[in-house]
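Summary of the model geometry
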Amino acid sequence: KATSTSLNMSGGAEDTPVVKEGDVLPSVVLQQGQPDYSKPIDVDLRELLAKHNKVAIFAVPGAFTPGCSKSHLPSFIDAQDELKSKGVDLT
């Protein structure tokens, strides 16, 4: 069964790129925030996905702002069991 995931990197659905099973992802470097607020570390998305079967990645536009720190981030922490039940092995 083929699966696809939409990557909403723009404003409209009509120009949203879709990654399909078997596609080769570009090498994209993301920054991973640290629990102790030390310097974020670079993570290559292609390398990360090569090591895990199913990954949930979330990003916030205002990282470490009160709204993101108090609302958005905790919702993903609270959802760990639910994500794992759906086969996600890394968040």
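Above: the structure in question.
So, here is what we can say about the structure in this document. (Residues numbered from 1 in each chain as written. Predicted model: local features only at pLDDT ≥ 70, side-chain atom pairs only at ≥ 80, totals over all residues. Heavy atoms only, no water.)

A complete count under the given rule lists two salt bridges for this structure. The salt bridge involving Lys20 is made with Asp23; its shortest N-O contact spans 3.9 Å. In this structure Lys20 comes out as partly exposed when scored by relative accessible area, which is 47%. For Asp23, a relative accessible area of 36% translates into the label partly exposed. Residues Glu82 and Lys86 are paired through a salt bridge, measuring 3.7 Å at the closest nitrogen-oxygen approach. (Salt bridge = Lys/Arg side-chain N within 4 Å of Asp/Glu carboxyl O. Buried < 20%, exposed > 50% of the residue type's maximum accessible area, 1.4 Å probe, protein only.)

Bringing a nonpolar patch on the surface into the picture now. A cluster of nonpolar side chains, contributed by Val28, Leu30 and Ile57, occupies part of the molecular surface with about 220 Å² of accessible area. Mapped onto the secondary structure, Ile57 falls in the loop between helix 1 (45-51) and helix 2 (66-78). On the basis of relative accessible area, Ile57 is assigned to the partly exposed category, the value being 46%. (Patch = residues over 30% accessible without salt bridge, like charges linked within 9 Å, V, L, I, M, F, W, Y side chains within 5 Å. Areas by Shrake-Rupley, 256 points an atom, 1.4 Å probe, with all protein chains shown as cover. Helix = DSSP H or I, 4+ residues; strand = E, 2+ residues; numbered from the N terminus.)

Excluding glycine, a negative phi dihedral is what most residues carry, and trans is how most peptide bonds are arranged. With a phi angle near 65°, Tyr37 is a residue other than glycine that sits in the positive phi range. Within the secondary structure, Tyr37 is located in the loop between strand 3 (29-32) and strand 4 (41-44). Residue Tyr37 is classed as exposed on the basis of its relative accessible area, which comes to 61%.

This paragraph deals with the environment of Leu25. Mapped onto the fold, Leu25 is located in the loop between strand 2 (18-20) and strand 3. Sequence spacing of Leu25 and Glu47 is 22 residues, and the spatial spacing of their C-alpha atoms is 9.7 Å. Setting aside chain neighbours within four positions, we find Leu25 in contact with Val19, Arg46 and Leu49. (Contact = heavy atoms within 4.5 Å.)

This next bit is on the side chain of Gln34. You can see Gln34 is positioned in the loop between strand 3 and strand 4. From its side chain, Gln34 meets the backbone oxygen of Gln32 in a polar contact 2.8 Å long. Residues within four places of Gln34 in sequence aside, it is in contact with Lys39, Pro40 and Ile41. (Polar contact = N/O pair within 3.5 Å; in protein donor to acceptor, adjacent residues only side chain to side chain.)

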